[in-house]
Structure formats: C-alpha cells, structure tokens
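Notes for the structure review
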Amino acid sequence: MMTRSWCSAVAVLVVLWSGLARSAPLVLIEDGVARAVVVTAASPTPLASYAAAELVEHLRLATGVSLPVVAEDAAPAAGVRLYLGPVAAAAAAGIDAAALPPEGTRLLTTATALFIVGDDGDGAPMHADTRGGTLWGVYEVLERVLEVRWLWPGELGTVVPSRRTVAVPSYDETLSPRLMQRQVRPGLIVRPSPTRGFSPAGLAAYRQAQEVFLRRHRIGRSTPFRYGHAFESWWGLYGEEHPEWFQLVAGRRGPTSPGRRFSMCVSDPALHRHIIDLWRAGRAENPAGARNVNGCENDIAGLCECERCQAWDGPQPAEIPRRFGPRVVSDRYARFWQALHDLAVQEDPQAIVMGYAYVNYAPPPLTALRLHPNILVGTVPDLFFPRSAEEQQWVKDQWMGWRQTGCTLFLRPNYTLHGYVLPYIYVHQFADEFQFEAANGMRATDFDSLTGQWATQGPTNYVLMRLHTRPEQPLDEILAEYYSGFGPAAAAVRRYFDTWEAHTTALLGAPGAVGASGIGRWSTLAKDAHRLFPPSSFAAAAGLLAEARRAAGADGVAAQRVAFLELGLEHARLCAQVAAVVAGDDAEASPFAAGRALRDLAAFREQHEGSFFSNLAFASTIEGRSWAMPAVWDGTPVHGLSPPVAPLGEPEPAFSLRGSGTILADLAAGEAFRARLRAQRVGANDSPVQWVVVGPGDRVLERGEVAVGEAIDLVVPAPSAGTCALFVQSNLNRALVTARNDHAALLGPKVAWVSETAPVFFMVPEGLKAFTLTLSATWPGENVRLRVVDPEGNEAATAEVASRGPQSLSVEVPPGRAGKAWSVAFEKPTQGVLEDYTIEIGPELPPFLAHRADRLVQSGPRAGPP
Ligand SMILES: [Zn+2]
C-alpha cells in the first residue's frame, strides 16, 4: 500500500498540472460524498456497461462511495457527469467517435463532464476480438487518477489506494494502443496428469479472474487476425491430387512417413494461387471476418528439397548454428509471403499476409529482400531465458534483420511457458528484449502462454502485462509499481525476487542444468525441479520472506500479499520435493512414497486453489509430461482368503501391464516373494521394465530392470511375515507379470492393460446386488471385448468398447452368487485391434485382481496365525 503522504503529494501534482490546462479539476467524489453520475447511452453496448461497472467498482474500492449509473435519457439535468461510450452528448461536445483510430479513446473534460468515448466492438466485453476503446479509457483514468495497479488476478492482487476525494484533471486527448494486437494466451491447457489440477469450480473461478485481469491490462486487438500453422490438414485434403504442393524429401512428395508432420513446397505458384483462392472464398462468405492471408508454415522446419525452393534460398552462410541446420530457408519463406501478397493485393490493396519466422527460417533473410509492410512477420525466438549475452544479442539481431526487409514485425514467443511453478525469474532480460523490439517497430504480440504462477513468478508476469500498455516505461519504475503493492515490505520483497533472479540466471552456466534455457524443455521441467531448485535454495528464500513478513508489520494488506508469496514458495518447494521422490534418485526410497507425496500435494492445492496463487491446470499438465504415474498403495497390509491354494498350472497366467502396476502378496514367515517378469517391446521403444520389491514397513528389498525381450524369475527373501509389494513400471512397453505366491493380487481399482491378458478374478462381497465395471479403449481403432463370468462359470455380461470414452457396465448379482469370486476375461474385439485398454472396478468391490479365485487377498491384517 502506498503511504497517505505519497498519495497527497501526487494529488498536489495533479492539481498543479491541471491548473496549467484549461479548467479546474472535476470533482467526482468529495470527502466521501458522491458528486457525479456515470452516464451511458440509452441502450449501451455490453462493453460500455462493463466499462461503467469497472469504473464504479474501482471508485468504490478507493473511497467506499458507489456512483450511480444512469442511461443518458434518464440523466439528471444538473451535476457532474461521467459519460462512457458512444453517447449522444459526445457529438454535442465535438467528439467524432467514428473518426477514432481502432480501439482508440477520446478523453475530454468540460466544465461539468468527463467523456470517455472509445472505438468499441459490439461483442462480449471479455472477448479478445471485441474492440475496447471505452474500456481502455476507463483503465487509463483509473491508473492515472486513482493509481490503481493490477498485480495478479483476484481481489488481493488489485491495488487501489484509499482516498476520500476523487478529482479528475482537465483532459483533451486521443489515445490509442501502441500495439494493434496485444495477446498473452491464458495457459489453460488441461491434460490428464498424475497430479490434481483445479477442481471444476476452481478452474471456472480462475479462468474468470484471469480474463478480467487480462482485459484490465488491455489484452485484445484491433483486427481479428487469423493465423497459425496453416496447412496441417492439407495432405489429407490435397495430397492425392496435388502432391507437388508438398515438400520433396529424399525424392518423395509429402510426409516422410504416414501421420508425420510435413512442410509445403512454398515456391509453387499453383500452391500460392490455391491459398489465395481459399482466402477470397472465405472473404466472400464472411465479409466481416479476417482480412489477412495465413502464410504460416506447419509446426516443422521448411524441408522441401526441390530445385526451385533451394534456388529461392540464396547462398547458404558459411557457418550455420546447429539449431537451424543443415539448411537455412528464410529467403524462401520471405519470397513465399511476398508472392502471396502480390496475388492478394489484386483482390484487396490493403490485404495483409502473415507468416512466422520460425525453426530454420527464424534467422533473417540472407539476401537483400524487400517485403511489403503489409506482410506481418512474427519472430519466434527459439532461445528461452536465461540467455548468455551473445544469445540475447542474437535475438535482437534476428529482429533487426527481419526489420530491414521492410515487413511489419510482431513478437510470437513461446519462452514464457518456461519455469513450471518455480520461482524462475528472468524479468530484466525479458524486458530488455521486449523494449528493444518495441522501440524498433513492434506492432503486435502473441505470447504462448502465461504460466499463471502469480505467487512465484510475479515480477516477470507483471512486467509482461505492463509493457503491453507502457512499453517505454523504464523497467525500474514498473518493478517499483509491483513492489509498492507490498507496502512497508516492498524492499524485502524486492530482495527476495532479486535473489531468485540471480539463482535463475546462474542456471545458465550451472553443471547439470543442461537446457535450462532450451526450447522444448519447458514442458518437462518438473522432472528436474529438485535439481535446479534444491532444498537449500528454498530455505534461504523462506528466510527472506520471513523478513518481508516482519517488515509488513501491522499493514494488513501488505502482510496478506507477503503471505500469498509464501504460499507460492511453499507450493514450489513441495513440487520440487515431489519431483525428487518421483525421480527415484534415492535407491532407498519406496516407490509408494511418490504416491503419498502426490496426495499431499493434491490436498495442498485443493485447500488453496481459490487464492489464484497458481494456474494448477498448467502445473499439472507439466507434471503429466514430466512424471510417471506413481504407485498408489497406501501401505495397508493384505491377507489371503483361503488357506489352501491349487497350483497355477501351465502355461502360467500373466497380467499384461502397460504403465505401472502393484502386486501385493501376503507372505508367511520365511517365505520369499516370487514372481516372473517379462518385458516386451511395444512400438519402437527400448525402455526396460523397472521393478522394485518393497517389504513390510515400506522397506525396499530389491530393485532392478528387465531389458526388452528378456524375462526374470524373482525370488526375494522377506525379513518377516507380512505384506510384500512388487511395483512394476513398464515405461510404455509391455510388462507381463505372474504373481507366484499363494496369496497375491494386482492392486486396482484401475489397471491399464495392453494386448492379451489372462482372465482376472475379483471378490464380490456378501449382500451385493450389482456391481460396476468401467472399461475404456485408449485410442480410436483400439477396441476390447469383455466377458464377465459368475462363480458358477456362467457368462453374466459381455460388452465391447469401440471408442475412447469410458463405458460403464452394470452387472447384476443373482441370489447365492455374492460372497464369492467372479472373473472377467478380455477378448479380441469384433472390430479394430486389441491393444491399449483400461478397466476400473467399482468402489463397491475390493480393489484386488488375482490369477485364480483361491489366490485372492483382502485388506487388513491377517485374522489368525499364519
Ligand atoms: Zn519445393
């Protein structure tokens, strides 16, 4: 919070400044009393209504006073008015709303009124394509007059200094956004993962708060551009008829193998004509739609080896950085965009062509090409942060090289995806790049995406947002705004983040931190969290935050904001700790520890998700790509159901597992754990199957690997009677496991199988009238047929799953057939292939699956002596 004296100093300056202008300040609220009304058009657009609500709400937060909002035809005759949006009175005041630049705003004061009139779209206020001139004007006034700052989504991150009086200085100016597109994608990718993301309600609340926050930072655009990897469906559409439009690689047109990504033969004039024909047809269909031609290559290097494409490349440089090799094709793509533009202007002289400077056409062109300014080139810097000085310079040289062609530049980075949930701070290098580009012709941005780690990456995120409206503002001033939100703790919080920035910067040269700055590493960063951010780094940081908490003292809001940072730090520390357990670096650690650590992490997230400290959807998506599904046994012992068991017979049955599985065995004193383990290849994957045997008390007894194509017979002596567990991780291959102890079963309730597996038996408890089995085939075309058999050997139910979605099967239990073991067999489907599928047995059933009925186990300690 800013101190009162500092606020009044600002107020004095405002008065002096406005005194030099035409008229005295307009008083909206005086000593806690409303002196103005907010006036909208008689039937305002949704955007103008939203702008009014935002203005009223922030004035209320500052003063406790709510100004009334009235329609123009019902406005009182006298008093101060705050006109918002395209009102009739604006024309009388000489404002020509139609003449405003796209998303522009006219701010004008008269003796009795403030006009905030913008170029607005008709759409939903939250939609990025709804032009928001009036809303941007409201935010500008809130920032200037009330010193409002939005540090992160939600109430706690909204800084509104308190005051009794609000007066607006004299305005007579037209504003328009510095960038015609300001895009920071929300980062709400939601993928299945072993950890918990948001709850559905938590996700909805976060999404809404972040949308509001992004609009407050004027995220949006003047024109609804449409671009992105343009030709991904084209091989399927045109491959047969026009193979010559596609890359020529090793003498063949099209993808090098079915389903692989491909690039285009971008020098083909017939391809250019077809792209323009489609664009023209699209415009005819939707005249209000996008004006631009999409010339962005697919998500792959430009690979065509045809003579014409290679001739377009120009002479190759003597040395090509490895990351672009073996061939740089920037000139080829520049000529491609120019060729598209030459055709498009025949239809529309204002036509815009968009392209990405990406992969092996990221470096600037090698020849002195000239591109039309209506060609928009988005540079996609491949270098993530932190960078060496040379790397930082390379990114600037890339920008300037493209700028020399005469094209219009936009920034289209992926580097803000880096950092996972960690206090990964690179704000100085980032601002240095952004401000250089802003000063050198940047006209738009498109950041993919926000990590949303507000409590650990706050300064970087705030500067990213703030530079979109104030690209020229010195970085230290922007950071001072951020830190001032922590009131008396500002200096301590600055030390805290400076320390993390130094830590992050040092990762560049640290051994073992390979690729800290590398593209493609962001999505698996959770694998290395504990190595990059060791426990000692968290201990030191926690000390700095404790100092901040003391400095906050009695300032309640400052203390809450420091507590928010502490929450983020604790979360990051927990995640790094889980990463260490999941990585299994410690040979003594039980694989079940990871499952327990993940449960603790999920509980922490559930408790705190409403604070918006972290985008948990993003966090768990990274974890899904970084961490293997852990073992989930909670340590509860099991015991056998029937003392005598029949031999397994020949051939021995086996569980055919894909992914992980846990076998629990009830061992008598002196008995060894016994199993057979075979590893079979699935696809082109050489990973071995890994296994760990854990004895009573969670003690690791033995661990090892089985190479693909090999088999082993495990005999692991146990130190005492009790439950032993075998944890198997197939690493995407197939693990065939036979549990050889008398009383042993696979732990459910959910198991992922691959190919044929032996039938499995499960117990249907006494008194149960029906139970549920849920089956899903993992991929389209991979199906499975299941057959349920009752204790008498009768077929009780069958089902075939022929799609990805889970399908539940309810099975009735006839009288006399409960309290006994049933079985389920998996068979080849009538259509498709039997490959990946999962089964989940209902919660009404004990979660154990055995090779034979008499080998089943149940939870809890053994009843009698062994
Ligand atoms: Zn070609």
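The residue count restarts for each chain, going from 1 along the sequence in the order it is written. Thresholds applied to this predicted model are a pLDDT of at least 70 for local features of residues and 80 or more for the giving and counting of side-chain atom pairs; totals over whole chains, interfaces and linings are not thresholded and use all residues. Side-chain measures here rest on the full set of heavy atoms in the structure, leaving out hydrogens and waters.

**Remarks on the overall build of the protein chain**
To keep things clear, this is the line we draw: Counting from the N terminus, the helices are DSSP H or I runs at least four residues long and the strands are E runs at least two residues long. Here the term buried applies to any residue with accessible area under 20% of the maximum for its type, exposed to any over 50%, and partly exposed to those in between, with areas from a 1.4 Å probe on protein chains only. In this tally, Lys and Arg are treated as positive and Asp and Glu as negative; His is ignored, and so are the chain termini. A charged residue contributes its charge at one atom only: NZ of Lys, CZ of Arg, CG of Asp or CD of Glu.
Of regular secondary structure, the protein chain possesses 19 helices and 38 strands. For the C-alpha atoms alone, the extent of the protein chain along its principal axes is close to 100 × 75 × 55 Å. Scored against the burial criterion, the 866 residues of the protein chain give a buried share of 54%. Separation between the mean location of the 77 positive side-chain charges and that of the 89 negative ones in the protein chain comes to 1 Å.

**Some thoughts on the coordination of the zinc ion**
Note the cut-off: Note that water is not among the atoms used; donors are N, O and S atoms within 2.8 Å of the metal (3.2 Å for Na, K and Ca), so sites may look incomplete. Every geometry call rests on angle ranges, with four donors termed tetrahedral when all angles are between 85 and 135 degrees, four termed square planar and six termed octahedral when opposite donors are over 155 degrees apart and all others are between 65 and 115, and everything else termed irregular.
For the zinc ion, the full set of protein donor atoms is Cys265 (SG), Cys304 (SG), Cys306 (SG) and Cys309 (SG), and the range of their distances to it is 2.3 Å. One can describe the site at the zinc ion as tetrahedral: its four donor atoms subtend angles covering 106 to 111° at the metal.

**A closer look at the sheet that holds strand S1 (residues 26-30)**
Inclusion rule: A pair of strands is treated as paired once DSSP finds two or more bridges between them.
Read from one edge of the open sheet, three strands run S2-S1-S10, paired in antiparallel fashion. Bordering the open sheet on either side are strand S2 (33-34) and strand S10 (166-168), each of which pairs with just one other strand. Two elements, S1 and S10, share three bridges in a ladder whose sense is antiparallel. Residue pairing for S10: leucine 26 is matched across the bridge by valine 168.

**Observations concerning helix H9 (residues 330-344)**
Counted only if it meets this: An expected span of 1.5 Å times one less than the residue number is assigned to each helix. Contacts were defined at the residue level, with two residues in contact if any of their heavy atoms lie within 4.5 Å.
The end-to-end C-alpha distance of H9, which contains 15 residues, comes to 21 Å, matching closely the 21 Å that a straight helix rising 1.5 Å per residue would cover. Counted residue by residue, H9 has twelve buried out of 15 residues, so it is predominantly covered. Taken together, the buried positions of H9 are occupied by Ser330, Asp331, Arg332, Tyr333, Ala334, Phe336, Trp337, Gln338, Ala339, Leu340, His341 and Ala344. The secondary structure elements touched by the buried residues of H9 are helix H7 (269-285), strand S16 (292-294), helix H8 (307-313), strand S17 (352-357), strand S18 (375-379) and helix H10 (389-403).

**Points about the domain arrangement of the protein chain**
Put simply, the rule is: Segmentation into domains, and thus their bounds, comes from an automatic or database assignment.
You can read the domains of the protein chain as domain 1 (4-176), domain 2 (178-223 + 377-630), domain 3 (227-289 + 292-350), domain 4 (634-745) and domain 5 (749-846). A straight line from the C-alpha centre of domain 2 to that of domain 5 covers 44 Å.

**Quick word on helix H13 (residues 475-484)**
Turning to H13, its buried residues number three or more, namely Leu475, Ile478, Leu479, Glu481, Tyr482 and Tyr483. Where H13 is buried, its residues contact strand S8 (149-150), helix H11 (427-438), helix H12 (458-466), helix H14 (490-506) and helix H17 (556-583).

**Brief notes about the packing of H17 against helix H18 (residues 592-608)**
Put simply, the rule is: In this analysis, axes come from line fits to C-alpha atoms, helices being fitted only over the stretch in contact, and the angle between any two N-to-C directions falls in the range 0 to 180 degrees. By definition in this entry, angles of less than 35 degrees are roughly parallel, angles greater than 145 are roughly antiparallel, angles of 65 to 115 are roughly perpendicular, and the rest are oblique. Note on convention: near helix rotated counterclockwise from far helix by under a right angle means a left-handed crossing. Clockwise means right-handed. Three classes are used, and their members are as follows: Ala, Val, Leu, Ile, Met, Phe, Trp, Tyr, Cys and Pro are nonpolar, Asp, Glu, Lys and Arg are charged, and the others, Gly among them, are polar.
At a closest axis distance of 9 Å, the pairing of H17 and H18 adopts a crossing angle of 160°. When the axis of H17 is compared with that of H18, the two are roughly antiparallel. Where H17 crosses over H18, the two elements pack in a sense that is left-handed. Together, Leu567, Glu570, His571, Leu574, Cys575, Val578, Val581 and Val582 of H17 and Ala593, Ala594, Ala597, Leu598, Leu601, Phe604, Arg605 and His608 of H18 make up the contact between the two elements. The class makeup of the residues in the contact of H17 with H18 is twelve nonpolar, two polar and two charged.

**Focus: the packing of aromatic side chains**
Note the cut-off: The rule is short: rings of Phe, Tyr and Trp, with Trp giving its six-membered ring, pair when the centres are within 6.5 Å, and they are stacked under 30 degrees, edge-to-face over 60, tilted in between. The criterion for a charge sitting over a ring is simple: Lys NZ or Arg CZ within 6 Å of the ring centre, and within 35 degrees of the ring normal.
Counted by the stated rule, this structure contains 50 aromatic pairs. With a centroid separation of 5.1 Å and 80° between ring planes, the pair formed by phenylalanine 231 and tryptophan 234 is classed as edge-to-face. A relative accessible area of 2% places phenylalanine 231 in the buried class. Taking the centre distance of 5.8 Å and the plane angle of 40° together, the rings of tyrosine 462 and tyrosine 482 count as tilted. Remark: tyrosine 482 occurs in helix H13 and tyrosine 462 occurs in helix H12; sequence separation between them is 20 residues. Exposure class is identical for tyrosine 462 and tyrosine 482. Each is buried. Over the ring of tryptophan 522 we find arginine 625, and its NZ or CZ is 5.9 Å from the ring centre.

**Concerning the confidence of the model for the protein chain**
Stated precisely, the cut-off is as follows: Residue-level confidence of the predictor is what pLDDT reports, using numbers from 0 through 100.
For the protein chain, the mean per-residue pLDDT works out to 91, and 94% of the residues sit at or above 70. In this model, residues 1-21 is a region of pLDDT below 50 whose contacts with residues beyond four sequence positions or in other chains number 21 contacts.

**Quick notes on the nonpolar core**
Test applied: We call a set of buried Ala, Val, Leu, Ile, Met, Phe, Trp, Tyr and Cys residues a nonpolar core when their side-chain atoms join them within 4.5 Å.
Residues Tyr420 and Phe430 are the most contacted members of the largest nonpolar core, which totals 169 residues. The leading source of residues in this core is H17, at twelve residues. Counting 53 residues, the second-largest nonpolar core is a separate cluster that includes Val716, Ala735, Ala744 and Trp753.

**Concerning the pairing of strand S7 (residues 113-118)**
Within S7, six of the six residues are buried, which leaves the element mostly enclosed by the surrounding structure. Residues Ala113, Phe115 and Val117 line one face of S7 and the alternating positions Leu114, Ile116 and Gly118 line the opposite face, and both faces are buried. Pairing of strand S5 (residues 80-84) with S7 involves four bridges; the strand directions are parallel. Considered in S7, the bridge of leucine 82 is made with leucine 114. Remark: three residues form the turn of the hairpin made by strand S6 (residues 105-109) and S7, two consecutive strands paired antiparallel.

**A short note on the packing of H14 against helix H16 (residues 535-552)**
In contact at an axis separation of 8 Å, H14 and H16 are set at 165° when each is read in the N-to-C sense. On the basis of their axis angle, the class for H14 and H16 is roughly antiparallel. Considering how the two elements wind past one another, H14 and H16 form a crossing that is left-handed. Here Ala492, Val493, Arg495, Tyr496, Thr499, Trp500 and His503 of H14 lie close against H16, whose contacting residues are Ser537, Phe538, Ala541, Leu544, Leu545, Glu547 and Ala548. Broken down by class, the residue content of the contact of H14 with H16 amounts to nine nonpolar, three polar and two charged.

**What about the sheet that holds strand S32 (residues 784-789)?**
Taken together, four strands build an open sheet; the order of strands is S30-S35-S32-S33 and the sheet is antiparallel. Two strands lie at the open edges of the sheet, namely strand S30 (760-764) and strand S33 (795-801), each paired on one side alone. With direction set aside, neighbouring strand axes in the sheet form an average angle of 25°. By the bridge criterion, five bridges tie S32 to strand S35 (residues 820-827) in an arrangement that is antiparallel. By the bridge assignment for S35, valine 789 is matched with serine 823.

**So, the pattern of salt bridges**
Rules: Here, a salt bridge means any side-chain nitrogen of Lys or Arg that lies within 4 Å of a carboxyl oxygen of Asp or Glu.
This structure, assessed with the given rule, holds 50 salt bridges. Here aspartate 119 makes a salt bridge to arginine 131, at a shortest N to O gap of 2.7 Å. Of the two residues, aspartate 119 sits in the loop between S7 and helix H4 (133-145) while arginine 131 sits in the loop between S7 and H4, which places them twelve residues apart along the sequence. On the accessibility criterion, aspartate 119 (14% relative accessible area) is buried. For arginine 131, a relative accessible area of 26% translates into the label partly exposed. Between aspartate 129 and arginine 221 there is a salt bridge, and its shortest N-O distance comes to 2.5 Å. Taken together, the residues span a long stretch of sequence, with aspartate 129 in the loop between S7 and H4 and arginine 221 in strand S13 (residues 220-221) at a distance of 92 residues. Through salt bridges that share partners, Glu140, Glu143, Arg144, Glu147, Arg149, Glu173, Arg218, Arg466, Arg470 and Glu481 make up one connected network.

**Re the environment of glycine 251**
With respect to the helices, strands and loops of the structure, glycine 251 is situated in the loop between strand S14 (248-249) and strand S15 (252-253). Residues glycine 251 and cysteine 304, 53 residues apart in the sequence, show an inter-C-alpha distance of 10.0 Å.

**Overview of the side chain of arginine 332**
Worth spelling out the cut-off: Two N or O atoms form a polar contact when they lie within 3.5 Å of each other; inside protein one atom must be a possible hydrogen donor and the other a possible acceptor, and for residues adjacent in sequence the pair counts only when both atoms belong to side chains.
With respect to the helices and strands, the residue arginine 332 is situated in helix H9. Looking at arginine 332, its side chain comes within polar contact range of the side chain of aspartate 313, at 2.8 Å. Excluding anything up to four places from it in sequence, arginine 332 contacts Val266, Gly302, Leu303, Cys304, Cys309, Gln310, Trp312, Asp313 and Arg327.

**Quick look at the side chain of threonine 738**
With respect to the helices, strands and loops of the structure, threonine 738 is situated in strand S27 (residues 722-739). Within the local environment of threonine 738, its side chain forms a polar contact with the backbone oxygen of proline 653, the two atoms lying 2.7 Å apart. What threonine 738 contacts, discounting residues up to four positions off in sequence, is Leu648, Glu652, Pro653, Ala654, Arg674, Ala675, Arg676 and His851.

**Focus: unusual backbone geometry**
For the bond from phenylalanine 385 to proline 386, the omega torsion is 0°, close enough to zero to count as cis. Looking at where proline 386 falls in the secondary structure, it is placed in the loop between S18 and H10. Cis geometry is adopted by the peptide bond preceding serine 449, which originates at aspartate 448 and carries an omega value of 5°. Along the chain, serine 449 turns up in the loop between strand S20 (442-445) and H12. If you check the backbone angles, aspartate 31 has positive phi at about 45° while not being a glycine.

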